[in-house]
Amino acid sequence: MARSLAAVAASVFATFLGLLAITFFIGRVVPIDPVIAVVGDRAPKDVYEATRIALGLDRPLVEQFARYCLAVLSGDLGTSISTGNRVVDDLRHVFPATLEMATIGIVIGVGLGVPMGVWAAARQGSWIDQVIRVAGLLGYAVPAFWLGLVGLAVFYARLKWVGGPGRLDIAYDGLIEPVTGLLLVDSLLAGETEIFANALWHLALPCSVLGFFSLAYIARMTRSFLLDQLSQEFVVTARVKGVPEWKVVWKHAFRPILIPLVTVIGLSYAGLLEGSVMIETIFSWPGIGNYLTTALLNADMNAVLGATLVIGAVFIGINKLSDILYRVLDPRAA
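(A) Fine view of the overall build of the chain. Helix and strand content of the chain: 15 helices and zero strands. Overall, the chain is about 85 × 55 × 40 Å in size when its C-alpha atoms are taken along their principal axes. The proportion of buried residues among the 334 residues of the chain is 38%. Partitioning the contacts of the chain with sequence separation of at least 6, the portion at a separation of at least 24 is 72%. Accessible surface, the chain as shown: approximately 18,300 Å² in total, 66% of it carbon and sulfur. One way to put it: in the chain the 24 positive side-chain charges average out to a point 12 Å from where the 25 negative ones average out.

(B) Local environment of the pattern of salt bridges. The full count for this structure, using the stated rule, is six salt bridges. In this structure, Arg 59 engages Glu 63 in a salt bridge whose closest nitrogen and oxygen atoms are separated by 3.0 Å. As a salt-bridge pair, Arg 223 and Asp 129 come within 2.7 Å of each other at their nearest N and O atoms. In this pair, Arg 223 sits in helix α9 (residues 193-230) while Asp 129 sits in helix α6 (residues 127-141), placing the two residues 94 residues apart along the sequence. Per residue, the accessibility class of Arg 223 equals that of Asp 129, and both read buried. In this structure, a network of salt bridges that share partners links the residues Arg 86, Asp 89 and Arg 92.

(C) Examining the environment of Val 110 more closely. Mapped onto the elements of the fold, Val 110 is located in helix α5 (residues 87-122). Judged by its relative accessible area of 25%, Val 110 falls in the partly exposed class. When the C-alpha positions of Val 110 and Tyr 269 are compared, they lie 9.8 Å apart, and in sequence the two are 159 residues distant. Val 110 has contacts with Pro 115, Ile 218 and Ile 265, leaving out every residue within four places of it along the chain.

(D) Representation of the packing of aromatic side chains within the structure. Enumeration according to the criterion identifies five aromatic pairs in this entry. Note on Phe 24 and Tyr 68: the rings are 5.8 Å apart at their centroids and 45° apart in plane angle, and the pair reads as tilted. Placement of the pair is Phe 24 in helix α1 (residues 2-29) and Tyr 68 in helix α4 (residues 61-73), with a sequence separation of 44 residues. The two residues Phe 24 and Tyr 68 agree in class, both being buried. A centroid spacing of 5.7 Å and a plane angle of 65° characterise the contact between Phe 212 and Phe 213, whose relative ring orientation is edge-to-face. A relative accessible area of 24% places Phe 212 in the partly exposed class.

(E) Examining the side chain of Gln 64 more closely. Note that Gln 64 resides in helix α4. Aside from chain neighbours lying at most four places away, what touches Gln 64 is Phe 24, Arg 28, Gly 56, Leu 57 and Arg 59.

(F) Representation of the packing of helix α10 (residues 233-240) against helix α11 (residues 245-253). α11 packs onto α10 with a crossing angle of 150° between their chain directions and a minimal axis gap of 10 Å. Looking at the two axes, α10 sits roughly antiparallel to α11. Read as a crossing pair, α10 and α11 show a hand that is right-handed. Along the contact surface, α10 presents Phe 234, Val 235, Ala 238 and Arg 239, while α11 presents Glu 245, Val 248, His 252 and Ala 253. Looking at the contact of α10 with α11 residue by residue, the class counts come to five nonpolar, one polar and two charged.

(G) Seen up close, α9. Here α9 spans only 46 Å end to end across 38 residues, well under the 56 Å set by a 1.5 Å rise per residue. Ala 204 marks where α9 bends most, by close to 40°; the proline Pro 206 follows one to four residues later.

(H) Broad picture of a nonpolar patch on the surface. A surface patch of nonpolar side chains, about 860 Å² in accessible area, is lined by Phe 145, Trp 146, Leu 149, Val 150, Val 154, Phe 155, Leu 159, Trp 161 and Met 278. By the element assignment, Leu 149 lies in helix α7 (residues 144-158).

(I) Here's a closer look at the side chain of Asp 300. Among the secondary structure elements, Asp 300 is positioned in the loop between α14 (288-297) and α15 (301-329). On the basis of relative accessible area, Asp 300 is assigned to the buried category, the value being 0%. Only 3.0 Å separates the side chain of Asp 300 from the backbone nitrogen of Ile 81, close enough to count as a polar contact. With residues up to four places along the chain from it excluded, the contact list for Asp 300 reads Thr 79, Ser 80, Ile 81, Ser 82 and Ala 295.

Conventions and cut-offs
- Residues numbered from 1 in each chain as written.
- Predicted model: local features only at pLDDT ≥ 70, side-chain atom pairs only at ≥ 80, totals over all residues.
- Heavy atoms only, no water.
- Helix = DSSP H or I, 4+ residues; strand = E, 2+ residues; numbered from the N terminus.
- Buried < 20%, exposed > 50% of the residue type's maximum accessible area, 1.4 Å probe, protein only.
- Contact = heavy atoms within 4.5 Å.
- Areas by Shrake-Rupley, 256 points an atom, 1.4 Å probe, with all protein chains shown as cover.
- Lys, Arg positive; Asp, Glu negative; His and termini not counted.
- Charge placed at Lys NZ, Arg CZ, Asp CG, Glu CD.
- Salt bridge = Lys/Arg side-chain N within 4 Å of Asp/Glu carboxyl O.
- Phe/Tyr/Trp six-rings, centres within 6.5 Å; stacked < 30°, edge-to-face > 60°.
- Axes fitted to C-alpha atoms, helices over the stretch in contact; angles between N-to-C directions.
- Parallel < 35°, antiparallel > 145°, perpendicular 65-115°, else oblique.
- Left-handed = near helix turned anticlockwise from the far one by under 90°.
- Nonpolar A, V, L, I, M, F, W, Y, C, P; charged D, E, K, R; others polar.
- Expected span 1.5 Å × (residues − 1).
- Bend = angle between axes of the 7 residues up to and from the residue.
- Patch = residues over 30% accessible without salt bridge, like charges linked within 9 Å, V, L, I, M, F, W, Y side chains within 5 Å.
- Polar contact = N/O pair within 3.5 Å; in protein donor to acceptor, adjacent residues only side chain to side chain.

Structure (structure tokens):
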């Protein structure tokens with residue numbers, strides 16, 4: 001056990017070190033001068049040089065990388081030019097909004113996608129299978145921004161079934177003291193059921209859009225995995241013995257696909273956390289995607305690299321969590 005934990009820790013450290021190297025390299029090759037981003041393009045030469053020295057850009061690249069790694073490991077991601085705040089504080093403020101939306105989105109995707117994939121595989125070639133396959137293709141083909149705009153036009157502006165852009169109505173903004181940063185959790189902790197309902201009302205549409213895209217991917221992969229298992233000899237034997245079809249599908253064929261399905265769900269969840277830029281922009285959602293977009297437009301490299309590090313760390317964490325689930329589901333993988 002100790003050896004296994006040490007191997008996992010070493011793997012995480014090596015991967016994170018590689019992530020640090022990539023972000024450092026990106027910060028040095030992009031055609032944006034970090035000094036000009038701080039002092040402006042009309043600053044005197046002496047001010048430019050003084051700022052360059054203060055930022056440590058006059059030192060050798062190896063030393064710059066070492067200082068960068070030490071700063072990141074100590075929690076210092078620099079100061080955002082856009083907001084004037086520490087990047088760590090900005091990310092602590094915006095990440096819960098993305099986490100809340102992506103988590104509900106993946107719950108929708110898994111809750112509907114897995115049963116739909118199983119149903120399609122069990123009814124291969126039927127009209128149900130065709131409908132689910134078309135839905136999966138739409139999830140790949142329809143642009144996220146178009147689906148979000150259509151959803152706003154129909155369900156918010158026309159039918160008034162869901163809340164509009166933002167996390168809350170203006171009347172409720174600032175009434176909840178942030179504890180976790182997750183509005184649904186914080187409103188329940190404060191006993192504000194009305195604000196909870198309003199937050200859920202605003203989450204409904206963006207989460208449904210994200211859930212649809214994850215649902216399409218998960219349903220498609222579940223169907224593919226299960227079809228492969230349903231053609232195996234042990235499934236045919238179970239059917240010959242007269243085992244009920246629902247038990248053949250869910251007990252005999254479904255269990256072996258849990259391990260690859262964990263990978264699919266993990267990658268889908270990570271994709272929602274880092275790939276919701278369009279959705280956050282359309283719905284004016286104050287999450288990490290919106291923050292990253294604003295930072296890119298303002299050439300705010302500290303914020304861009306900080307957000308990239310957080311997204312990369314999320315991928316690393318989800319991958320390692322998937323490895324742990326492998327061992328739980330199949331001890332032979334340990």
